[in-house]
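Residue-level structural notes
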Amino acid sequence: MFITFEGLDFCGKSTQVQLLEKLLTGEGKKVKVIREPGGTIISEKIRNVLLDKKNSEMLIETELILFAASRAQLVGEVILPLLDENSFVISDRFHDSSIAYQAFGRGIDLEFVDELQKFVIGRAIPDLTFLIDIPIEEVVRRKTMVKHVELDRIERSEMDFYEKVREGYLFLASRESRFRRIDGMLAIEEIHKVIVDEITKYSKG
Ligand code: TYD
């Protein structure tokens, strides 16, 4: 089973990934957690280029294609072989991140981004995708809490960006039947319970 987690920065998906991994491993299942971008030697190198603060001149087109390149390697090298041996694969972000961030957030043509994702993931289509949804105000609140500072001008302009990314996620949640939107304002344990219930329901077919 292939399960992906999506949501805005600070939505709490990484915590949920860890809780789910612990649960499934405890049940004796074979589980592999991956994070995007990254997960293979080549993909980690691409991740460093993508997240390096010095690369401020990076074009949005370059960004889209680097995310896609990192993903293609991860699919071929790690995800498909594991799914073929019936392992659980849990990914912290996957192709929906590119649709939300690069198409909706950065404004690159949606049809093109969609086609590129189909090319890159092939048959590695997630069975379930959990969208941990939080309002933009909460992203800002959690961000200032971590940084202990008031938001500066650039971070305020980021709010518009996050608003568009969130719209992208909500669009995907209505388009794709594999999506489960969960209220990210619920307590950690409550969110975990919803996730476990959904996986159980899905497994029973
Ligand atoms: P990361 O530090 O992994 O953040 P998080 O813990 O929130 O996942 O950085 C990933 C950043 O890259 C995050 O801001 C989302 C962005 N991103 C894209 O813009 N497109 C993508 O396809 C992916 C996978 C991530």
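See the structure above.
As the structure is a computational prediction, the values presented were derived from the model and not from experiment.

Calculation notes
- Residues numbered from 1 in each chain as written.
- Predicted model: local features only at pLDDT ≥ 70, side-chain atom pairs only at ≥ 80, totals over all residues.
- Heavy atoms only, no water.
- Salt bridge = Lys/Arg side-chain N within 4 Å of Asp/Glu carboxyl O.
- Helix = DSSP H or I, 4+ residues; strand = E, 2+ residues; numbered from the N terminus.
- Buried < 20%, exposed > 50% of the residue type's maximum accessible area, 1.4 Å probe, protein only.
- Near = heavy atom within 4 Å.
- Polar contact = N/O pair within 3.5 Å; in protein donor to acceptor, adjacent residues only side chain to side chain.
- Areas by Shrake-Rupley, 256 points an atom, 1.4 Å probe, with all protein chains shown as cover.
- Nonpolar A, V, L, I, M, F, W, Y, C, P; charged D, E, K, R; others polar.
- Pairing = 2+ DSSP bridges.
- Axes fitted to C-alpha atoms, helices over the stretch in contact; angles between N-to-C directions.
- Contact = heavy atoms within 4.5 Å.

Some words on the pattern of salt bridges
Summed over all chains, the structure comprises 21 salt bridges. A salt bridge links Arg71 to Glu36, with the shortest nitrogen-to-oxygen separation between them at 2.6 Å. Placement of Arg71 in helix H3 (residues 60-84) and of Glu36 in the loop between strand S2 (31-35) and helix H2 (41-51) is noted, with a sequence separation of 35 residues between them. Each member of the pair, Arg71 as well as Glu36, is classed as buried. Where Arg178 meets Asp96, a salt bridge forms, and the shortest distance between an N and an O atom there is 2.9 Å. Taken together, the residues span a long stretch of sequence, with Arg178 in the loop between helix H7 (153-175) and strand S5 (179-183) and Asp96 in helix H4 (residues 95-105) at a distance of 82 residues. No difference in accessibility class separates Arg178 from Asp96, as the two residues are buried. Residues joined in a network through salt bridges with shared partners are Asp96, Asp114, Arg175, Glu176 and Arg178.

A closer look at the site of the ligand
Surrounding the ligand, one finds Asp9, Lys13, Glu36, Arg47, Phe67, Arg71, Arg93, Ser97, Ser98, Tyr101 and Gln102. Between the ligand and Arg47, the relevant distance is 3.3 Å, taken from an oxygen atom to a side-chain nitrogen or oxygen of the residue. Gln102 has a polar side-chain atom sitting 2.8 Å from a nitrogen atom of the ligand. Coverage of the ligand by the protein amounts to 79% of the 550 Å² it exposes when considered alone. Of the residues forming the shell around the ligand, the biggest block, 4 residues, is contributed by H4. Class assignment for the residues of the shell around the ligand results in 2 nonpolar, 3 polar and 6 charged.

Examining the sheet that holds strand S4 (residues 128-133)
An order of S2-S3-S1-S4-S5 is seen for the 5 strands of this open sheet, with the pairing classed as parallel. Of all strands in the sheet, those with a lone pairing partner are S2 and S5, marking the two edges. Neighbour-to-neighbour, the strand axes of the sheet open up by a mean angle of 20°, direction not taken into account. Its contacts with the sheet put helix H1 (residues 13-26) on strand S1 (2-6), S2, strand S3 (88-92) and S4, and the angle it makes with S3 is roughly 165°. Sheet contacts for H3: S1, S2 and S3; angle to S2, the most-contacted strand, approximately 160°.

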